Amino acid sequence: MNGKGDKWRGGWSKTYENNHKQIFGEKMKKDSVHFSSKSNDWGTPQDLFDKLDTVYNFTLDPCATDLNAKCEKYYTKEDNGLEQSWANEVVFMNPPYGRAIKFWIKKALDESINGCTVVCLIPARTDTSYWHDYIFPHAKNIEFLRGRVKFEVNSVGTNPAPFPSAVVVFQG
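Being a predicted model, the structure only gives us computed values, none of them experimental.

## Description of the overall build of the protein
Thought 1: Across its full length, the protein holds four helices and eight strands.
Thought 2: The linear arrangement of helices and strands in the protein, starting from the amino end, is α-α-β-β-β-α-β-α-β-β-β-β.
Thought 3: In the protein, buried positions account for 38% of the 172 residues.
Thought 4: A fraction of 59% describes how many contacts in the protein between residues 6 or more apart in sequence connect residues 24 or more apart.
Thought 5: Of the roughly 10600 Å² of accessible surface on the protein, 49% is carried by carbon and sulfur atoms.

What follows is the structure in structure tokens.
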């Protein structure tokens, strides 16, 4: 690339780092979870879950930990919710946001075909194949959330997510 493009890229990077410091109050680290897939766990804010729960009355959280489960019935990583049946459940799913998210979205679609309702809180990465293969052609409803979700760690809200989010509903 020519010198002009390199200068622009370097300028953008510096501006981005400065914005990160201004927003998050810290210097951006190369291994920051906001800019890597070091952490895929983004705990659902209780108020967002409560609003959805008043509409759907959830019975299962298949992507939980013992600390952040939103339903009385839940599966942890050790239970592997992908291998469990979700039959006859109304599911709230906030899946791990790494590369495996496509498997969770496919599972949500498959379970909805079998009569299950699955409400997914996911990144609004509409350029990905799972959005085009599973969500756009099959979701009953897609709602893009305004602003950035403040996910929770140990039931405490964090800084806003570095990505937009959407609520996707699959209903059989």
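## Topic: helix H2 (residues 46-56)
Thought 1: Regarding H2, the residues found buried are Leu 48, Phe 49 and Leu 52. Summarising the axial view, the buried residues of H2 lie within an arc of 95 degrees, below the 170-degree limit, and thus occupy one face. When the buried face of H2 is taken as reference, the exposed residues oriented beyond 90 degrees from it are Lys 51 and Thr 54.
Thought 2: Just downstream of H2, Asn 57 is the residue with a positive phi angle, here 55 degrees.

## Some details on the side chain of Thr 117
Thought 1: The topology assignment puts Thr 117 in strand E4 (residues 117-123).
Thought 2: A polar contact is formed between the side chain of Thr 117 and the side chain of Gln 171, at a distance of 3.5 Å.
Thought 3: Once you skip the residues sitting within four places of it in the chain, Thr 117 turns out to touch Tyr 56, Glu 89, Val 90, Val 91, Phe 170 and Gln 171.

## Concerning the pairing of strand E3 (residues 90-93)
Thought 1: Note that E3 and E4 share four bridges and pair parallel. Across the sheet, residue Val 90 finds its bridge partner in E4, namely Thr 117.
Thought 2: In this view, the connection linking E3 to its parallel neighbour E4 by way of helix H3 (residues 101-113) has right-handed handedness.

## Regarding the packing of aromatic side chains
Thought 1: Scanning all chains against the criterion turns up 10 aromatic pairs.
Thought 2: Relative to Phe 92, the ring of Phe 49 lies with its centre 5.1 Å away and its plane at 80 degrees, an arrangement referred to as edge-to-face. Of this pair, Phe 49 sits in helix H2 while Phe 92 is found in strand E3, placing the two residues 43 residues apart along the sequence.
Thought 3: Consider the rings of Trp 86 and Trp 104, whose centres lie 6.5 Å apart with planes at 20 degrees: the pair is stacked. With Trp 86 in the loop between strand E2 (73-74) and E3 and Trp 104 in helix H3, this pair connects stretches of sequence that are 18 residues apart.
Thought 4: On the basis of relative accessibility, which here comes to 0%, the residue Trp 86 falls in the buried class.
Thought 5: Here Trp 104 falls in the buried class, since its relative accessible area comes to 8%.

## Some remarks on the state of the cysteines
Thought 1: For the structure shown, the criterion picks out zero disulfides.
Thought 2: No disulfide involves Cys 116; its nearest neighbouring cysteine sulfur is the one of Cys 120, lying 10.0 Å away.

## Remarks on the confidence of the model for the protein
Detailed reading of predicted coordinates is not advised where the pLDDT is low.
Thought 1: On average, the protein scores 81 in pLDDT, and the residues at 70 or more come to 73%.
Thought 2: Considering only residues more than four positions removed or in separate chains, one finds that residues 1-39, a stretch of pLDDT under 50, has 25 contacts.

Reading the values: the criteria
- Residues numbered from 1 in each chain as written.
- Predicted model: local features only at pLDDT ≥ 70, side-chain atom pairs only at ≥ 80, totals over all residues.
- Heavy atoms only, no water.
- Helix = DSSP H or I, 4+ residues; strand = E, 2+ residues; numbered from the N terminus.
- Buried < 20%, exposed > 50% of the residue type's maximum accessible area, 1.4 Å probe, protein only.
- Contact = heavy atoms within 4.5 Å.
- Areas by Shrake-Rupley, 256 points an atom, 1.4 Å probe, with all protein chains shown as cover.
- Arc of directions from axis to C-beta.
- Polar contact = N/O pair within 3.5 Å; in protein donor to acceptor, adjacent residues only side chain to side chain.
- Pairing = 2+ DSSP bridges.
- Right-handed = clockwise from strand over helix to strand, strands pointing away.
- Phe/Tyr/Trp six-rings, centres within 6.5 Å; stacked < 30°, edge-to-face > 60°.
- Disulfide = S-S within 2.5 Å.
- pLDDT = per-residue confidence, 0-100.

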